[in-house]
Amino acid sequence: MTLRNRILQDIPLEEPEELDTLLEFADLVRETLQRGQVQELSELIRYTIRHSHYEAFYWAIGILEEVFGSDDSVPELRIELGRSIPDYREFISRLQ
């Protein structure tokens, strides 16, 4: 099963912090950005939070910063995370 299919079916990754998985996820994020699919990008990011795949979340945010960080002409991108963070304290401690 491809990574995209696992995400679409909301199935947690078996090895979320393995380098190959993270590289495949990064490719998926970049591909989604290139196609301009903001809704799918939002779902990819919420998926990482929902399943506590924090390393993949950091990679996605890093890619967004890499792509949009210096471009002031990019419209505001807003992704609601809200209650999708299952362990908020762990998330915040790892984010620091």
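Quick caveat: nothing in here was measured; it's all calculated off a predicted structure.

Cut-offs used in this document
Residues numbered from 1 in each chain as written. Predicted model: local features only at pLDDT ≥ 70, side-chain atom pairs only at ≥ 80, totals over all residues. Heavy atoms only, no water. Phe/Tyr/Trp six-rings, centres within 6.5 Å; stacked < 30°, edge-to-face > 60°. Core = buried A, V, L, I, M, F, W, Y, C linked by side-chain atoms within 4.5 Å. Buried < 20%, exposed > 50% of the residue type's maximum accessible area, 1.4 Å probe, protein only. Helix = DSSP H or I, 4+ residues; strand = E, 2+ residues; numbered from the N terminus. Expected span 1.5 Å × (residues − 1). Salt bridge = Lys/Arg side-chain N within 4 Å of Asp/Glu carboxyl O. Axes fitted to C-alpha atoms, helices over the stretch in contact; angles between N-to-C directions. Parallel < 35°, antiparallel > 145°, perpendicular 65-115°, else oblique. Contact = heavy atoms within 4.5 Å. Nonpolar A, V, L, I, M, F, W, Y, C, P; charged D, E, K, R; others polar. Left-handed = near helix turned anticlockwise from the far one by under 90°. pLDDT = per-residue confidence, 0-100.

We now examine the packing of aromatic side chains. With the rule as written, the count across this model stands at 1 aromatic pair. Here Phe57 and Tyr58 contribute two aromatic rings whose centre-to-centre distance is 5.9 Å and whose plane-to-plane angle is 65 degrees, an arrangement assigned as edge-to-face.

Turning next to the nonpolar core. Among the nonpolar cores identified, the biggest contains 20 residues, and Ile7, Phe25 and Val29 are the most heavily contacted of them. Elements with a minimum of two residues in this core: α1 (3-8), α2 (19-35), α3 (38-50) and α4 (54-68).

Glancing now at α4. For α4, spanning 15 residues, the distance from its first C-alpha to its last is 21 Å, which sits close to the expected 21 Å at 1.5 Å a residue. Three or more residues of α4 are buried, namely Tyr54, Ala56, Phe57, Ala60, Ile63 and Leu64.

The next point concerns the pattern of salt bridges. Applying the stated rule across the entire model yields 9 salt bridges. Notably, a salt bridge pairs Arg50 with Asp10, separated by 3.1 Å at the nearest N-O pair. On the criterion of sequence distance, the pair formed by Arg50 in helix α3 and Asp10 in the loop between α1 and α2 is long-range, its members being 40 residues apart. When its relative accessible area of 34% is taken as the criterion, Asp10 is described as partly exposed. Note that Arg35 and Glu31 form a salt bridge whose closest N and O atoms lie 3.1 Å from each other. With Arg35 and Glu31 both in helix α2 and 4 residues apart, this pair spans about one turn of that helix. The class of Glu31 is partly exposed, set by a relative accessible area of 34%. Connected through shared salt-bridge partners, Arg4, Glu31, Arg35 and Glu40 make up one network.

Moving on to the packing of α2 against α3. It is the contact of α2 with α3, at a shortest axis distance of 9 Å, that shows an interaxial angle of 155 degrees. With respect to each other, α2 and α3 are oriented roughly antiparallel. Here Phe25, Leu28, Val29, Thr32, Leu33 and Arg35 of α2 lie close against α3, whose contacting residues are Glu40, Leu41, Leu44 and Thr48. Considering only residue class, the contact of α2 with α3 consists of 6 nonpolar, 2 polar and 2 charged.

This next bit is on the packing of α2 against α4. Between α2 and α4, the shortest axis-to-axis distance is 10 Å and the interhelical angle comes to 40 degrees. Classified by the angle between their axes, α2 and α4 sit oblique to one another. As α2 packs across α4, the resulting crossing turns out to be right-handed. Across from Leu19, Leu22, Leu23, Phe25, Ala26, Val29, Arg30 and Leu33 in α2, the residues of α4 making contact are Glu55, Ala56, Trp59, Ala60, Ile63, Leu64, Glu66, Val67 and Phe68.

On to the confidence of the model for the protein. Scored by pLDDT, the protein has a mean of 81; 74% of the residues are at 70 or more. Within the protein, no element has a lower average pLDDT than helix α5 (residues 88-95), which sits at 66, and none a higher one than α2, at 93.

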